[in-house]
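The residues making up each chain are set out below.
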Amino acid sequence: MHFDGAFSLLHIASALGVAVIWIAVFSLLREPMRHKLSAIMIAGAGAAYLGAGLGRWELAGCAAFTVVAYKGLDDYRFIGLGLVLHTCWDMVHYFYGRPILPFAPDSSAGCAVCDLLLAAWYFW
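What you see is a predicted model; the values in this text were computed from it and never measured. (Residues numbered from 1 in each chain as written. Predicted model: local features only at pLDDT ≥ 70, side-chain atom pairs only at ≥ 80, totals over all residues. Heavy atoms only, no water.)

(A) Region of the structure containing helix α5 (residues 107-123). A rise of 1.5 Å per residue sets the reference length of α5, with its 17 residues, at 24 Å; its end C-alpha atoms lie 24 Å apart and thus fit the reference within 8%. The buried fraction of α5 is high, at 12 of 17 residues. Three or more residues of α5 are buried, namely Ser 107, Ser 108, Ala 109, Gly 110, Cys 111, Ala 112, Cys 114, Asp 115, Leu 118, Ala 119, Trp 121 and Tyr 122. Where α5 is buried, its residues meet α1 (9-28), α2 (33-47) and α4 (76-96). (Helix = DSSP H or I, 4+ residues; strand = E, 2+ residues; numbered from the N terminus. Expected span 1.5 Å × (residues − 1). Buried < 20%, exposed > 50% of the residue type's maximum accessible area, 1.4 Å probe, protein only. Contact = heavy atoms within 4.5 Å.)

(B) The arrangement of the environment of Lys 36 in detail. Assignment of secondary structure puts Lys 36 in helix α2. Sequence separation between Lys 36 and Ile 79 is 43 residues; the distance between their C-alpha atoms is 9.9 Å.

(C) Fine view of the pattern of salt bridges. By the definition in use, this model includes two salt bridges. The partner of Asp 75 in a salt bridge is Arg 77, and the shortest N-O contact between them spans 2.7 Å. Here Arg 77 falls in the exposed class, since its relative accessible area comes to 57%. (Salt bridge = Lys/Arg side-chain N within 4 Å of Asp/Glu carboxyl O.)

(D) Structural context of α2. Over its 15 residues, α2 runs 21 Å from end to end, which matches the ideal 21 Å to within 8%, given 1.5 Å per residue. Among all positions of α2, only His 35, Ser 38, Ala 39, Ile 42, Ala 45 and Gly 46 are buried. Seen along its axis, α2 keeps its buried residues to an arc of 115°; they face one direction. Where the residues of α2 are buried, they touch α1, α3 (56-72), α4 and α5. (Arc of directions from axis to C-beta.)

This is the structure:
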């Protein structure tokens, strides 16, 4: 476990900034492009951790995200669910695996913060 308690307010602010930029950009997209691209992004998020230290669990996680992304093509709630699931996956990797960005040890925790805000937007 690499947790050292160093996740700071700067990290949180950065993660929230990424979420705000995402929301601003995706708000400019018209339907159904926004919906479809959002579902594709969930599938990509599921593949982001392949090879990140959890062995076969990485494949199982990717398969689960693929199913959620497919369901997300028809229902925004599944996109929100995918982001909540990715938040959980981020935290598992933060504590037990490798970070989403190998050069940034706290990147998985930051991704979790960002994902929760995005999930709230998609559920809304």
